[in-house]
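# Residue-level structural notes
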Protein chains: 2
Amino acid sequence: MKAEILSTGDEIRSGAIVDSNSAYIAQKLEEIGVEVIRHICVGDDVDMLASTLTEIGNHSDIAVVTGGLGPTADDVSAVSAAKAAGVTLILDKTALASVQNFSKARKRFFSESNKKQAMLPAGAECLTNPVGTAPGFSLKIGKCIFFFLPGVPSEMQYMLTEMVMLRIKKLQGNTREFSEVRNIVTFGLTESATGEKLTDFSRNFPCLKLGLRAKFPEIHIKLYARGNDEKQLYDVLDSASDWILERFGKRVVSLDGSPLETAVGNLLRRQKATVAIAESCTGGLISHRLTDIPGSSDYFLFSAVTYSNDAKMNLLGVIPSILERHGAVHEHTAEMMAQGAKKISGATYGLSTTGIAGPSGGTVEKPVGTVCIGLAGPKGSRAKRYYFPFENRLMNKQIFAMTALDILRRELM
Amino acid sequence: MKAEILSTGDEIRSGAIVDSNSAYIAQKLEEIGVEVIRHICVGDDVDMLASTLTEIGNHSDIAVVTGGLGPTADDVSAVSAAKAAGVTLILDKTALASVQNFSKARKRFFSESNKKQAMLPAGAECLTNPVGTAPGFSLKIGKCIFFFLPGVPSEMQYMLTEMVMLRIKKLQGNTREFSEVRNIVTFGLTESATGEKLTDFSRNFPCLKLGLRAKFPEIHIKLYARGNDEKQLYDVLDSASDWILERFGKRVVSLDGSPLETAVGNLLRRQKATVAIAESCTGGLISHRLTDIPGSSDYFLFSAVTYSNDAKMNLLGVIPSILERHGAVHEHTAEMMAQGAKKISGATYGLSTTGIAGPSGGTVEKPVGTVCIGLAGPKGSRAKRYYFPFENRLMNKQIFAMTALDILRRELM
């Protein structure tokens, strides 16, 4: 069963707002085995909208349309649908009751412009909207069943789940396929190196579709499975996950799409260990990412963002002569910072970064993109220097922070 | 001049990620007077992509395509474009040099799969990519000039601005109108409250188009001006900015689109003042945002993320009896944290947060969304309690952090 998604409205067309509805709808449809072949967005223009509806009606089995159901003159979905279907608009009693009930429940004035919202194309089935003023409707145009929903995300989501999905499942009948996506998060290789390691994947798993996504600096490997036998689907995905685990080893961060900071948090919690961070160039990003995870207070004790040398010495106990001899960006400094964070907090692990995120501050010896990362733990402490070739402060902060978290993750594994 | 935007990739088609590129491109095109008539998204499918390109080629003057330029087998934009244009792929020397230079500068191995990225449709003009591996290209299909760009937002944005916009302006020739957008950043009102304050804007400035955009928790007021007289355009925008400044007062963060952390940084630098932060519930986000700004080491000295009570006492000198009597989330604790941060770093200002971001940890007295913010400065110290009604940890961290930065900004004004 092939589906298309159409979002309408000048706000989206002109880029004033990002269309997040289409992704939501696509996900829901793909989850029940409907193949989404295309998304389209057009503005509040009757001719453009009607011709787009006609075109979709020639190609697809179902379509979900969002937006253009409001009370104002620039809401033109119903009139465009009527035009494409070659019918007139008529006052729909169910739609009228839906609009009136919503106004009444909210003690709002029911106006003539609201009445416009009850005018549906002849032959349409009204989809009542208990969470907003605009009722939706369903209509066949060409060979395609269209579902028209409001553009307000919360209303659209409610109506899609409560009304549209059931109708689509009924249309699917016994032909319904299962589909499942597995998201394997990796860290440590570029997108192209990841792709090269996977060149013979499709030969080994011809029934799976493979997708790579760079969510800098993580690379997500996505496995898409579709079929009639649910158990077989999961078995294939499990073997494919094992195959990837074997190839990528510790570079695999998670098999369920969760990011590095979640993996680190899970490991710390399982081992009843705690962590304290001493950040310089990452400016608080490591602790920000760690504390985005609910429950992180179980293992995250403390972080010090020590930009100045004074703070490195006074707070973390970095020895002045080390800073004088080697500078702030050095393995010795990083190691002492990690030791200091561990010591003052009593954490199991101390993790530190000191480097040059740019754009200024680089030298020939220590160019922008240089970072020293220190780790102090129960088995002692160490530090290492890295160089990343990004000429972008924000990217450098990200890769520095994630590399530090990855060092801790590997230590915990 | 009519334009279309095409985003490609199974990730977007299936709803795994939201397509934010299309809105960005639409905005940029509309800003220079190009009319965007439609966005389309299709997956990594050569036939589907080629037929979509052919169809767009029949209708529009220009089109911007994103995605599908990577080194792996599921990147099919070049081969689809060649098919639609009825030409073959050939090795493009400029593209090859672009890919090789990027690999070389990053000391990366140049692989065979990277070479694929230099295979462009015959007749295409290479658009070199200095910020990533994937070169883009421009190609005429039907009557339409297509610009193919990478899907990675940072690379797409760079290439659109640096290469594509100039070419489009040249295509516009003398028909070009001037256009200008002013982005006024505000903080402290909801989107609807901001909208209500602006109800009579259009009556006062009928020639300007007004757009509101919630970039949580900031609200951006966008003024779009278009016309043949450049000077007049700027004059109207200046009066409109003054009008808004008068209405919104200190709620205006900037008139040039820059965020709160930049405004705070500029004020600190101008006053030769420095700041130290003591964060609890914001988990490092305040210092992360402050240090995203290049040159922030001039005024940002230090931040301590003190999740545990021990850290609040040992590091920041919060008196144990205060924590015992009032708990960690209290005005007294916040004030002592701010004083502690100021004292140990010697900064001009100390800023602190302590609260409950959720999802757990809330009580009837102090529900999730409660935060106490402390400020210590040359004129003494104070703290205040706030409550925000979000049931979302990440939104709470954002609104807590931005409210703290805003308190410092208003103090500095």
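Residues numbered from 1 in each chain as written. Chains lettered and ligands numbered in written order. Predicted model: local features only at pLDDT ≥ 70, side-chain atom pairs only at ≥ 80, totals over all residues. Heavy atoms only, no water.

For the rest of this paragraph, the subject is helix 15 (residues 331–345) of chain B. Residues and elements named next belong to chain B. The terminal C-alpha atoms of helix 15, which comprises 15 residues, lie 21 Å apart, in line with the 21 Å expected from a rise of 1.5 Å per residue. All of the buried residues along helix 15 are Thr 333, Ala 334, Met 336, Met 337, Ala 338, Gly 340 and Ala 341. Of the residues trailing helix 15, Gly 346 is marked for its positive phi of about 75 degrees. (Helix = DSSP H or I, 4+ residues; strand = E, 2+ residues; numbered from the N terminus. Expected span 1.5 Å × (residues − 1). Buried < 20%, exposed > 50% of the residue type's maximum accessible area, 1.4 Å probe, protein only.)

Our focus in this paragraph is the packing of helix 11 (residues 260–270) of chain A against helix 16 (residues 393–412) of chain A. Residue and element names in this part refer to chain A. Orientation of helix 11 relative to helix 16, taken along the N-to-C sense of each, is 30 degrees, at an axis distance of 9 Å. For the pair helix 11 and helix 16, the sense of crossing is left-handed. For the pair helix 11 and helix 16, the contacting residues are Leu 260, Glu 261, Ala 263, Val 264, Leu 267 and Leu 268 in the first and Met 402, Leu 405, Asp 406, Leu 408, Arg 409 and Leu 412 in the second. Among the residues forming the contact of helix 11 with helix 16, the class breakdown is 9 nonpolar, no polar and 3 charged. (Axes fitted to C-alpha atoms, helices over the stretch in contact; angles between N-to-C directions. Left-handed = near helix turned anticlockwise from the far one by under 90°. Contact = heavy atoms within 4.5 Å. Nonpolar A, V, L, I, M, F, W, Y, C, P; charged D, E, K, R; others polar.)

Take the environment of Met 337 of chain A next. All names here are of chain A. Position of Met 337 relative to the elements: it lies in helix 15 (residues 331–345). Look at Met 337 and you get buried, because its relative accessible area is 0%. As a C-alpha pair, Met 337 and Ala 304 span 33 residues in sequence and 9.6 Å in three-dimensional space. In contact with Met 337, not counting residues within four places along its chain, are Ala 278, Glu 279, Ser 280, Thr 306, Lys 312, Leu 316, Val 318, Ser 352, Thr 353 and Thr 354.

Taken together, the contact between chain B and chain A spans 62 residues of the former and 63 residues of the latter. Counting each side, the surface lost to burial between chain B and chain A is near 5200 Å², with a carbon and sulfur contribution of 55%. The tally of links between chain B and chain A comes to 6 salt bridges. For Asp 292 of chain B, the salt bridge identified is with Lys 397 of chain A, shortest N-O distance 2.8 Å. Taken together, chain B and chain A are joined by 36 residue pairs in polar contact (both at pLDDT 80 or more). The set of elements that each furnish at least two residues to the side of chain B that touches chain A consists of helix 1 (10–13), helix 2 (21–31), strand 2 (35–42), helix 6 (112–116), helix 12 (285–291), strand 14 (300–306) and helix 16 (393–412) of chain B. (Buried area = accessible area lost by both parts, 1.4 Å probe. Salt bridge = Lys/Arg side-chain N within 4 Å of Asp/Glu carboxyl O. Polar contact = N/O pair within 3.5 Å; in protein donor to acceptor, adjacent residues only side chain to side chain.)

To continue, consider the side chain of Ser 22 of chain B. All names here are of chain B. By secondary structure assignment, the location of Ser 22 is in helix 2. Using a relative accessible area of 2% as the deciding quantity, one classes Ser 22 as buried. The residues touching Ser 22, leaving out its near neighbours within four places in the chain, are Ile 5, Ser 7 and His 39.

Along its sequence, chain A is organised into domain 1 (2–175), domain 2 (178–254) and domain 3 (260–412). One C-alpha centre belongs to domain 1 of chain A, the other to domain 2 of chain A, and the line joining them spans 35 Å. (Domains from an automatic or database assignment.)

For the rest of this paragraph, the subject is the state of the cysteines. Scanning the entire structure with this criterion turns up 0 disulfides over all chains. Distance from the sulfur of Cys 281 of chain A, which forms no disulfide, to the nearest cysteine sulfur (Cys 372 of chain A) is 8.8 Å. (Disulfide = S-S within 2.5 Å.)

We now examine the side chain of Asn 183 of chain A. All names here are of chain A. Structurally, Asn 183 can be placed in strand 9 (residues 178–186). The exposure class of Asn 183 is buried, given its relative accessible area of 16%. Within the structure, Asn 183 has its side chain in polar contact with the side chain of His 220 (distance 3.3 Å). Apart from residues lying up to four places away in sequence, Asn 183 is in contact with His 220, Ile 221, Lys 222, Ser 254, Leu 255, Asp 256 and Gly 257.

So, on to the pairing of strand 17 (residues 380–387) of chain A. All names here are of chain A. Pairing between strand 16 (residues 370–377) and strand 17: 8 bridges, direction antiparallel. Among the inter-strand pairings, Ile 373 is bridged to a residue of strand 17, identified as Lys 384. Linking two consecutive strands that pair antiparallel, namely strand 16 and strand 17, is a turn of 2 residues. (Pairing = 2+ DSSP bridges.)

Residue and element names in this part refer to chain A. Here the residue pair Phe 216 and Pro 217 is connected by a cis peptide bond, since its omega of -5 degrees sits within 30 degrees of zero. Locating Pro 217 in the fold gives a position in the loop between strand 10 (209–215) and strand 11 (218–227). Residue Pro 359 is reached from Gly 358 by a cis peptide bond, and omega for that bond is 0 degrees. Among the secondary structure elements, Pro 359 is positioned in the loop between strand 15 (349–355) and strand 16. Unlike most non-glycine residues, Lys 272 shows phi in positive territory, near 50 degrees.

Next up on the list: the sheet that holds strand 17 (residues 380–387) of chain B. With mixed pairing, the 10 strands of this open sheet are ordered in space as 17(A)-16(A)-15(A)-13(A)-14(A)-14(B)-13(B)-15(B)-16(B)-17(B). One side of each edge strand has no neighbouring strand; the edge strands of this open sheet are strand 17 of chain A together with strand 17 of chain B. Strand-to-strand twist across the sheet, computed as the mean angle between neighbouring axes with direction ignored, equals 10 degrees. Bridge count for strand 15 (residues 349–355) of chain B against strand 16 (residues 370–377) of chain B is 6 bridges, and the pairing is antiparallel. For Thr 353 of chain B, the partnering residue across the bridge sits in strand 16 of chain B and is Ile 373 of chain B. Sheet contacts for helix 16 of chain B: strand 13 (275–279), strand 15, strand 16 and strand 17 of chain B; angle to strand 16 of chain B, the most-contacted strand, approximately 30 degrees.

With that settled, consider the pattern of salt bridges. Residue and element names in this part refer to chain A. For the structure shown, the criterion picks out 39 salt bridges over all chains. Note that Asp 200 is salt-bridged to Arg 247, the shortest N-O span being 3.0 Å. Note that Asp 200 is positioned in the loop between helix 8 (191–197) and helix 9 (201–204) and Arg 247 in helix 10 (residues 230–248), a separation of 47 residues in sequence. The class of Asp 200 is buried, set by a relative accessible area of 16%.

Attention shifts here to helix 2 (residues 21–31) of chain A. Restricting attention to buried positions, one finds in helix 2 of chain A the residues Asn 21, Ser 22, Ala 23, Ile 25, Ala 26, Leu 29 and Glu 30 of chain A. Just downstream of helix 2 of chain A, Gly 33 of chain A is the residue with a positive phi angle, here 85 degrees.

Take the pairing of strand 14 (residues 300–306) of chain A next. Two faces belong to every sheet, and in a regular strand the side chains alternate between them. Buried residues dominate strand 14 of chain A, accounting for 7 of its 7 residues. Between the parallel pair strand 13 (residues 275–279) of chain A and strand 14 of chain A, the chain is carried across by helix 12 (residues 285–291) of chain A, and the sense of this crossover is right-handed. Where strand 14 of chain A and strand 14 of chain B come together, 5 bridges link them in antiparallel fashion. Counterpart to Phe 302 of chain A in the pairing with strand 14 of chain B is Thr 306 of chain B. (Right-handed = clockwise from strand over helix to strand, strands pointing away.)

Right, let's get into the packing of aromatic side chains. Counted under the stated rule, the structure contains 18 aromatic pairs over all chains. Measuring from centroid to centroid gives 5.1 Å for Phe 201 of chain B and Phe 205 of chain B, while their planes differ by 35 degrees, and the two rings are tilted. Per residue, the accessibility class of Phe 201 of chain B equals that of Phe 205 of chain B, and both read buried. In textbook terms, an aromatic cluster arises when at least three aromatic residues are bridged by ring pairs, as seen for Phe 137, Phe 146 and Phe 148 of chain A. The ring of Phe 248 of chain A has Lys 197 of chain A lying over it, and the distance from NZ or CZ to the ring centre is 5.8 Å. (Phe/Tyr/Trp six-rings, centres within 6.5 Å; stacked < 30°, edge-to-face > 60°. Lys NZ or Arg CZ within 6 Å of the ring centre and 35° of its normal.)

This next bit is on the sheet that holds strand 9 (residues 178–186) of chain B. Across a sheet, paired strands are connected by hydrogen bonds in the backbone, their directions being either parallel or antiparallel. All names here are of chain B. Spatially, the 4 strands line up as an open sheet ordered 10-11-9-12, and their pairing is antiparallel. Every other strand in the sheet has two partners, leaving strand 10 (209–215) and strand 12 (252–254) as the edge strands with one partner each. Across the sheet, the mean angle from the axis of one strand to that of its neighbour is 35 degrees, orientation sign disregarded. Pairing of strand 10 with strand 11 (residues 218–227), which is carried by 7 bridges, proceeds in the antiparallel orientation. Each residue of the ladder has a partner; that of Leu 212, found in strand 11, is Ile 221.

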